[in-house]
Structures are given as C-alpha cells and as structure tokens.
Amino acid sequence: MSKVIKTPSMLGMLGGGQLGKFFVEAAHRMGYQVTVFDPDQESPAGKIANDHICSSFSDKSALEIMINNCKAISTEFENIPSETIKYLEEKVRTHPNSEAISIVQRRIKEKEFIKGLELPIGRYEPIKSAELFSDFEDNKIFPAILKQSKFGYDGKGQYHVNSVSETKAVLNDSNENEFVLEKKLNLDKEISVVLSRSSDGVSKIFPVIENQHKEGILDLSIIPARVNDDLKKEAVAYALKIANNLNYVGTIAVEFFISNDKLYINEVAPRPHNSGHFSLDACNVSQFDQQVLCLTNDNLLDIILEKNAVMLNLLGDLWLKNGEVKTPNFLEIEGPSINIHLYGKNQPRAGRKMGHITVVGENTEDLIIKVEEIRSKLWEM
Ligand code: ADP
Ligand code: MG
C-alpha cells in the first residue's frame, strides 16, 4: 500500500452539495483541510470549506489551482464531466477514476456494463436517437419509463409512457438524444448497498438499506432492510462485483429493485448516497468518513450498526407548503434519538433536498411510527 496522506493536508472535493458538505465535515474532524470546487457561490460545502474555487468544471486554469493545492481529490456528483476527472487524475490522486464515472454517468453505458458482468437487470431498450427508434414496435415493454441517459437524478428527465406513439412524442419534443426505455417493474421493495473500497481492493459494506420513493425521489430509508438474508447477500455480492470491476476507490452505492422476490440492478452512484445518511448517526463510521479514508489511502474501519435507523428526507415542498417560503420550526420536533440535518441551502424548491432526519433506536416498526409522527407535525406547522 502506498503512503497515507497525512493531516493537515489539503483534500479536494468536486461538487458542493450536501454530500460534499458531509465530506468536508468528516475530513475536518480527522484534521484535513478541504478545497471545494463548485460553480455555485452559495454551495453548502463551499461555505464551510477552507477554500472554495467557484468556477465551471471545464475551466482548466481553475482545475490547475485544484491540482496545485490538493494532495488528493474526490467527487460527490456523477455529472461532473469525465474529461475533468481525466485531466485531474493524470496529475493528482483522484478517486473515483474517470473510466468508472464515464460508465455510470450514462444510463446506456451503465446498463451495458451491468449486462456485461452478467448481473440481473430489468428489460430495457437503448435509444440512441429519435430516428433510430422510429421502427420500434414491441408493445410488450409498456408501461415503461423513458429515462434521459445523461444528467438525470431525483427522477428528473424521466417520463412515464404507455405506448410507442407516446414515447415518440416525448423523444420528438426533447433536446436530448440518448434515452433508455425501461419496462416498469412491479416493485416488492427497493434496496441499496453502500460500500467503500480502498486502493488495495478491501471493501467495507454498510448494512443493506430499504428505500421508499415518492415521485422518483427518495423519501424514507429503513436500516437494516426488511428483506431476507439470501437476497441481502446476493445484493452485496453484486455490488462488490460492480465496485471491483470499476476499479473503484471510494464510497459507492448500488440501487436495486426487488420484483417477484428477484433482484434487479437499477443504477450505480459513484459517490456516497442519500440512503447511506443513516451511517452519520447509527454507525461507528459514516459513509463520508470511509470516503476520506479511501482518498487518503488509510485503512478503512469495520462497520458496526449501533442502532437501527429510519431516515426521512426533507424536501423544499415542506418550506413552500403555505404558498410562501417559511422554514419549519425544527425545535418543536427535537428529541432524544432524533437527528436533524439541514443542508444550509438558501432557496427551497419543490423536490429539492433541504435536509434529512434520522431516528435511531431498537425496534424498526416503532421508528417508522415515530418518523411518520414527525412528518405529520412538520406538515401541520
Ligand atoms: P434517479 O437517477 O433519479 O434516482 P432512478 O432510475 O433510480 O432515477 O428512478 C427513480 C425511482 O423511480 C426508482 O427508485 C423507482 O422508485 C422508480 N423507478 C425507476 N425505474 C423503474 C422501473 N423500471 N420500474 C419501476 N419503478 C422504477
Ligand atoms: Mg435512483
């Protein structure tokens, strides 16, 4: 193993959202400094970083500053151009690698990669242009979800379609070329596996997470997932296979569908994941701590789930519910075992992730009830 990067070296973080912010906090706790690179002056991570380079990801001179300042660089956002990562990794330790990012940032490439590993994936049709789709006739794929291949997140760039003609209408209206058309599966459940993998190929795996989405956005995560051990083991094995084959270094998440008791891989996130936030409050080490340890070439820690957990996402809708912008009074829901995290975003928007709450304890069903009570209270304020 090559040398551990010592404190108080400067680390780099590409992207300044909440995932970057949690990385900065973890790095600070361990004694590192962080430079955040994000075009947004008001980015949550940029505001608490030692240095904030506020520029576009294609600005070479700004990237040069990053290279000169940082001993190692990581990311929190898969939509950073893979050329940017490539440029950086030639000059400074950068993880995850550009090849891994370039695969998972395009749904078509990602699905081909997963198929190439002979892992289970739902029925889909790659669409490389509207013209190439013009003679598609197989109605058995419907009902389906048409997903933009690039730059989708939190259900953005997705359209529910029921026929070839509906699909064509969306394609003709769009400025994007590449899409995938995915058959809608009947979901029993959704789960995710979050793991961290070091440079020498050692992986530490967080407990399997059960996820509930609303309108394509993560709403609730339940840890540990309420699925049988065989499915959990299978999911972990698939996630490891993906991380190993991407030569991945850092924290990565794999999202799964369970349909008729069978696993299907949904997508891969080359970064810590919203569903892994419970680790901040329920584990001895968080997904962000492990990301820092991966980046600095340090030994990863064995993960202990100290308490069961349920996490509730707080979206901008809660700030906007009465037709005006108003921050809910979070003091009113404070209590033991209730961990409230607000990301410091100035502008609430519908569907925008503003924070999350993790409730920890012994009994999962009790935790779910407690979280639903908190949700009602917040909405009634
Ligand atoms: P994003 O990149 O926005 O997270 P996903 O592809 O993960 O997009 O889709 C978001 C959510 O939409 C999923 O977590 C799931 O709840 C639902 N969904 C997506 N694809 C399918 C599908 N093929 N069948 C059923 N539900 C789906
Ligand atoms: Mg997803």
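Rules behind the numbers
Residues numbered from 1 in each chain as written. Chains lettered and ligands numbered in written order. Predicted model: local features only at pLDDT ≥ 70, side-chain atom pairs only at ≥ 80, totals over all residues. Heavy atoms only, no water. Pairing = 2+ DSSP bridges. Helix = DSSP H or I, 4+ residues; strand = E, 2+ residues; numbered from the N terminus. Axes fitted to C-alpha atoms, helices over the stretch in contact; angles between N-to-C directions. Near = heavy atom within 4 Å. Polar contact = N/O pair within 3.5 Å; in protein donor to acceptor, adjacent residues only side chain to side chain. Areas by Shrake-Rupley, 256 points an atom, 1.4 Å probe, with all protein chains shown as cover. Nonpolar A, V, L, I, M, F, W, Y, C, P; charged D, E, K, R; others polar. Domains from an automatic or database assignment. Buried < 20%, exposed > 50% of the residue type's maximum accessible area, 1.4 Å probe, protein only.

(A) Geometry of the sheet that holds strand β6 (residues 124-127). Ordered by their spatial adjacency, 4 strands build an open sheet running β6-β9-β7-β8, and the pairing between neighbours is antiparallel. Each having just a single partner strand, β6 and β8 (158-161) make up the two edges of the open sheet. Taking the axes of each pair of neighbouring strands and ignoring which way they run, one obtains an average angle of 20 degrees across the sheet. With 5 bridges connecting them, strand β7 (residues 144-148) and strand β9 (residues 179-183) associate as antiparallel partners. If you follow K147 over to β9, its bridge partner there is V180.

(B) How the structure looks around the site of ligand 1. Close to ligand 1 lie 19 residues, the nearest being K147, G155, E190, N266 and E267. Here an oxygen atom of ligand 1 and a side-chain polar atom of R107 are 3.0 Å apart. Between an oxygen atom of ligand 1 and a side-chain N or O atom of E267, the distance comes to 2.8 Å. Here ligand 1 has 550 Å² of accessible area as a free molecule, and 91% of this is covered by the chains. Within the residue set of the shell around ligand 1, elements represented by two or more residues are β7, β9, β14 (250-259) and β15 (262-269). The residue inventory of the shell around ligand 1, partitioned by class, reads 5 nonpolar, 5 polar and 9 charged. A domain split of the shell around ligand 1 shows at least three residues from each of domain 2 (123-183) and domain 3 (189-380).

(C) The arrangement of the pairing of β15 in detail. Counted residue by residue, β15 has 7 buried out of 8 residues, so it is predominantly covered. Of the strand pairs in this sheet, β14 and β15 are connected by 7 bridges, and their pairing is antiparallel. The partner of V254 across the bridge, within β15, is V268. Counting the residues that bridge the hairpin from β14 to β15 gives 2 residues, and of these N260 lies at a positive phi of roughly 50 degrees.

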